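# Results of the structural survey
In case you want the letters, here they are:
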Amino acid sequence: MIADYLTRNSIAYSYEATAMTNDWFIFKSKISRPDFFLPQFKLVIEYWGLVDSPDAQLREEYIRSMKWKMAQYRKNNIRFVSIYPSNHSNLDYYFRRKFREAMGFELPILPVNRTCPTCHIQVLDVPLHIKWHSSVAQT
Ligand SMILES: [Zn+2]
């Protein structure tokens, strides 16, 4: 969901950032890797998927490790954005707001023209355009 969102908005990211530099060694060794890393902004996105877990014990452990991880980020001056399951209803709104809070500026809107591989026209919203192709193909 977050990956789709980033792709749709032409935001480059690495997933479970494996290509991190030495600055990030503490994460490689001690903390599970951040979910998403935006190299352009040096910003981490964590999706805290289990904070609403119905399993009380699991939830408690999860929240404890979440808080610990957040503290590590703060201690190391690593900017991060937290996304919770409840944010999915309006991911764009929450992500932009949290991005602004973390970075101090608005998420740049980057309209990128790309060429459709099928019809070779310039399109702005590639996923939408491809969806359109498949809907046409089905009729
Ligand atoms: Zn096309």
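Residues numbered from 1 in each chain as written. Predicted model: local features only at pLDDT ≥ 70, side-chain atom pairs only at ≥ 80, totals over all residues.

### Here's the deal with the nonpolar core
Note the following rule: The term nonpolar core refers to a set of buried Ala, Val, Leu, Ile, Met, Phe, Trp, Tyr and Cys residues connected through C-beta atoms within 7 Å. Residue burial here comes from a neighbour count, namely the number of other C-beta atoms, placed from the backbone, that lie within 10 Å of the residue's own C-beta, with 20 or more meaning buried, 12 or fewer meaning exposed, and in between meaning partly exposed. Secondary structure follows DSSP: runs of H or I at least 4 residues long count as helices, runs of E at least 2 residues long count as strands, and numbering of each begins at the N terminus.
Core analysis: the largest hydrophobic core is formed by 10 residues, namely Phe-36, Phe-37, Leu-38, Leu-43, Val-44, Ile-45, Val-81, Ile-83, Phe-95 and Phe-99. Those elements that provide at least two residues to this core are β2 (36–38), β3 (43–47), β4 (80–83) and α4 (91–103).

### Looking at the sheet that holds β4
The criterion, for reference: The pairing criterion is simple: DSSP has to find at least two bridges between the two strands. Working definition of a contact: two residues with C-beta atoms, positioned from the backbone, lying within 7 Å. The angle between two axes is taken between their N-to-C directions and runs from 0 to 180 degrees, where each axis is a line fitted to C-alpha atoms and a helix contributes only its stretch in contact.
Strand order in the open sheet made by the 4 strands is β1-β2-β3-β4, with mixed pairing throughout. For this open sheet the edge positions go to β1 (14–15) and β4, each flanked by a neighbour on one side alone. Here β3 pairs with β4 via 4 bridges, running parallel. Counted as the bridge partner of Tyr-47 is Ile-83 from β4. The sheet strands contacting α4 are β3 and β4, and the helix crosses β4 at an angle near 155 degrees.

### Details of the pairing of β4
Note the following rule: The path from the first strand over the helix to the second decides the hand: if it runs clockwise while the strands point away from the viewer, the crossover is right-handed.
Here β4 shows a buried face lined by Val-81 and Ile-83 and an unburied face lined by Phe-80 and Ser-82. Handedness of the crossover joining β3 and β4 through helix α3 (residues 56–75) is recorded here as right-handed.

### Concerning α3
Quick note on the threshold: Each residue after the first adds 1.5 Å to the expected span of a helix.
Taking 1.5 Å per residue, 20 residues should reach 28 Å; α3 reaches 28 Å between its end C-alpha atoms and fits that length. Of all 20 residues in α3, 1 are buried, a share of ten percent or less.

### Brief notes about unusual backbone geometry
Positive phi, close to 55 degrees, is recorded for Ser-10, a residue that is not glycine. Take Ser-10: it is sitting in the loop between α1 (2–8) and β1. The class of Ser-10 is partly exposed, set by 14 C-beta atoms lying within 10 Å. For Lys-42, which is not glycine, the phi torsion reads 50 degrees and is therefore positive.

### Topic: the pairing of β3
Note that β2 and β3 share 3 bridges and pair antiparallel. The residue of β3 that forms the bridge with Phe-36 is Ile-45. Between β2 and β3, which pair antiparallel and follow one another directly, the connecting turn spans 4 residues, one of which, Lys-42, has a positive phi of 50 degrees.

### Focus: α4
For the α-helix, the turn length of 3.6 residues means that residues three or four positions removed from each other point alike. Between its first and last C-alpha atoms α4 spans 17 Å; for 13 residues at 1.5 Å apiece the expected length is 18 Å, and the two agree. Immediately downstream of α4, the backbone of Gly-104 shows phi near 85 degrees, a positive value.

### Considerations on the environment of Arg-79
Looking at the element boundaries, Arg-79 is found in the loop between α3 and β4. Residues Arg-79 and Glu-101, 22 residues apart in the sequence, show an inter-C-alpha distance of 10.0 Å. With sequence-adjacent residues up to four places away left out, Arg-79 is seen in contact with Lys-42, Leu-43, Val-44, Ala-102 and Met-103.

### A word on the environment of Met-103
Among the structural elements, Met-103 can be located in helix α4. On the basis of neighbour counts, which here come to 15 C-beta atoms within 10 Å, the residue Met-103 falls in the partly exposed class. Sequence separation between Met-103 and Val-81 is 22 residues, and the spatial gap between their C-alpha atoms is 9.5 Å. When sequence neighbours within four positions are dropped, the list of residues in contact with Met-103 reads Phe-41, Leu-43 and Arg-79.

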